[in-house]
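# Structure at a glance
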Amino acid sequence: MQPGASDVLLSRSRSGRVPDTRPGARLRQGPAGAARGEIVVGDVTRPDALPAAVAGIDAVVFTLGSDGAGRMGAETVDYGGVRNVLIALGAQPARIALMTSIGVTNRAGAYNQATEAHDWKRRSERLVRASGRPYTIVRPGWFDYNQRDELRLVLLQGDTRWAGDPSDGAVARRQIAQVLVRSLGSDAAVRKTFELVAERGPAPEDFDILFAPLQADPHGSLDGAHDVKNMPLTDEPQQVRDELRELRGSGRHRGRQARTDPDHGRTYNAVFPGDRVATT
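Just so we're clear, the structure is a prediction, and the values are computed from it rather than from any experiment.

### Observations concerning helix α3 (residues 70-89)
A rise of 1.5 Å per residue sets the reference length of α3, with its 20 residues, at 28 Å; its end C-alpha atoms lie 28 Å apart and thus fit the reference within 8%. Along α3, the helix axis deviates most sharply at Gly 80, where the bend reaches about 45°. Positive backbone phi, at 60°, marks Gly 90, one or two positions downstream of α3.

### Looking at the pattern of salt bridges
Applying the stated criterion across every chain yields a total of 17 salt bridges. Ionic pairing is found between Glu 125 and Arg 139, a salt bridge with its closest N-O pair at 2.8 Å. Of this pair, Glu 125 sits in helix α5 (residues 117-130) while Arg 139 sits in strand β3 (residues 135-140), and the two are 14 residues apart along the sequence. No difference in accessibility class separates Glu 125 from Arg 139, as the two residues are buried. Between Glu 195 and Arg 139 there is a salt bridge whose closest N-O contact spans 3.0 Å. Here Glu 195, found in strand β7 (residues 192-199), pairs with Arg 139, found in strand β3; they are 56 residues apart in sequence, far enough to count as distant. The same class applies to Glu 195 as to Arg 139, namely buried. Among the charged side chains, a network of salt bridges with common partners joins Glu 125, Arg 129, Arg 139, Glu 195, Asp 217 and Asp 227.

### Some thoughts on the packing of aromatic side chains
The full count for this structure, using the stated rule, is 4 aromatic pairs. An angle of 80° between the planes, with centres 5.5 Å apart, marks the rings of Trp 142 and Tyr 145 as edge-to-face. A residue is classified by how much of its surface remains accessible, and Trp 142, at 29% relative accessible area, is partly exposed. Centre to centre, the rings of Phe 207 and Phe 211 are 6.3 Å apart; their planes meet at 45°, and the pair counts as tilted. With Phe 207 and Phe 211 both in helix α7 (residues 207-211) and 4 residues apart, the pair spans about one turn of that helix. Phe 211 shares its class with Phe 207; the two are buried. An aromatic cluster is built from Phe 194, Phe 207 and Phe 211, whose rings are joined through pairwise contacts. The cationic tip of Arg 123 hangs over the ring face of Trp 120; the distance from NZ or CZ to the ring centre is 4.3 Å.

### Considering the packing of α3 against α5
Two elements in contact, α3 and α5, have axes separated by 8 Å at closest approach and are oriented at 10°. As summarised for this structure, α3 and α5 are arranged roughly parallel, according to the angle between their axes. Seen from α3, the contacting residues are Arg 71, Ala 74, Glu 75, Asp 78, Tyr 79, Val 82, Arg 83 and Leu 86; seen from α5, they are Ala 117, Trp 120, Lys 121, Arg 123, Ser 124, Leu 127 and Val 128. Tallied by class, the residues present in the contact of α3 with α5 amount to 8 nonpolar, 1 polar and 6 charged.

### Things to note about the nonpolar core
In this structure, Phe 62, Val 85, Leu 86, Leu 89, Ile 96 and Val 128 are the most contacted members of the largest nonpolar core, which totals 28 residues. Looking at this core, the elements with two or more residues in it are α2 (50-54), β1 (59-62), α3, β2 (95-99), α5, β3 and α8 (238-247). Among the elements that make up this core, the one with the highest residue count is α3 (7 residues). Counting residues in each nonpolar core, the second largest holds 21 residues, with Leu 153, Leu 184, Ala 189 and Phe 194 among its members.

### Looking at the environment of Ala 198
Relative to the elements of secondary structure, Ala 198 occurs in strand β7. Between the C-alpha atoms of Ala 198 and Gly 169, which are 29 residues apart in sequence, the distance is 7.0 Å. Not counting residues within four places of it along the chain, the set of residues in contact with Ala 198 comprises Glu 150, Leu 151, Arg 152, Leu 153, Ala 170, Val 171 and Gln 175.

### Topic: the side chain of Asp 168
Position of Asp 168 among the secondary structure elements: in the loop between β5 (152-156) and β6 (170-171). In this structure Asp 168 is buried but unpaired, with Arg 161 as the nearest side chain of opposite charge at 6.3 Å. There is a polar contact of 2.8 Å between the side chain of Asp 168 and the backbone nitrogen of Ala 163. If we ignore the near neighbours within four places in the chain, the residues touching Asp 168 are Ile 102, Trp 142, Arg 161, Trp 162, Ala 163 and Val 197.

About the thresholds
Within any chain, residue numbers begin from 1 and follow the written order of that chain's sequence. With pLDDT at 70 or above as the cut-off, local features in this predicted model cover only qualifying residues; side-chain atom pairs require 80 or more to be listed or tallied, and sums for whole chains, interfaces and linings still use all residues. As a rule here, side-chain values come from all non-hydrogen atoms in the structure, and water together with hydrogens is ignored. Helix and strand assignments come from DSSP, with helices taken as H or I runs of at least 4 residues and strands as E runs of at least 2, each series counted from the N terminus. Here a helix's expected span is defined as the number of its residues, less one, multiplied by 1.5 Å. One axis fitted to the seven residues ending at a residue, another fitted to the seven starting there: the angle between these axes is the bend at that residue. For salt bridges, the criterion is a side-chain nitrogen of Lys or Arg within 4 Å of an Asp or Glu carboxyl oxygen. Burial status follows relative accessibility: with a 1.4 Å probe on protein chains alone, a residue under 20% of its type maximum counts as buried, one over 50% as exposed, and anything between as partly exposed. The criterion for an aromatic pair is that two Phe, Tyr or Trp rings (for Trp, the six-membered ring) have centres within 6.5 Å, with stacked assigned to planes under 30 degrees apart, edge-to-face to planes over 60 apart and tilted to the rest. Cation placement over rings: the criterion is NZ of Lys or CZ of Arg within 6 Å of the ring centroid and within 35° of the ring normal. Here an axis means a line fitted to C-alpha atoms, over the contact stretch when the element is a helix, while the angle between two N-to-C directions is reported on a 0 to 180 degree scale. The cut-offs work like this: below 35 degrees is roughly parallel, past 145 is roughly antiparallel, 65 to 115 is roughly perpendicular, and the gaps in between are oblique. Contact definition: two residues touch when any of their heavy atoms are within 4.5 Å. Gly is put with the polar residues, along with every residue not named as nonpolar or charged; the nonpolar set is Ala, Val, Leu, Ile, Met, Phe, Trp, Tyr, Cys and Pro, and the charged set is Asp, Glu, Lys and Arg. Take the buried Ala, Val, Leu, Ile, Met, Phe, Trp, Tyr and Cys residues and link them wherever side-chain atoms come within 4.5 Å; each set so joined is a nonpolar core. Charge convention: Lys and Arg are scored as positive, Asp and Glu as negative, and His as well as the terminal groups of each chain are ignored. Polar contacts, as counted here, are pairs of nitrogen or oxygen atoms within 3.5 Å of one another; within protein the pair requires one atom able to donate a hydrogen and one able to accept it, and residues that are adjacent in sequence qualify only if both atoms are side-chain atoms.

Written out as structure tokens, the structure reads:
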């Protein structure tokens, strides 16, 4: 979980449960006036530790990162952690917010060639889309490389910025956390994948207006709207294909907070203040 994220989650979950899958995690005091939450420690690489951590939650915010752990870390954490949590949820309804990375569709770059981190993060995106759960996928630019006056959030689609350095765009960690949390309660953010950067200007106040113009991912697609088609499923490892098949169409996750998507007439779960949110 990125620094700053838990403060935002605690302030919006009120008296809810805030499972944290980092070993040794400790509850931090939220902003003034925010109620305390309950920390339930888990480990995304240990499937047996997850059912208790996700029991009774209403949403999951994934901010997994295995930076520096090489190919094994990318597979077991960036991908395996998402897989394990989705399996642990079972038929339990839950809204998903997943953070990956700008440039995640760039397979030929030196970073991905050395670590396969982009490929495994992209596979985690596919798991979320295949799960049938309501989701938002956020691909942020470089953390905290923005200037102090660069607070105007810009949402992009198609993942075309492949420089592999801060020229791709930057955004403050706290704003990344804010977008992830705000997406959970926004009708306009459902089934949308986007890159997130900040440019010169004030921070947004209305996040529904920010999310609304984005194109939703096509129904049944494993990739984001406008993503380059450079990762054919037929070339994927057999284990990955099997796990996608297991999750795909595994159930319609309905719940007491089901709403209707006005564009497609489908129902999904929205998350509201007071709901229980897990963060990884």
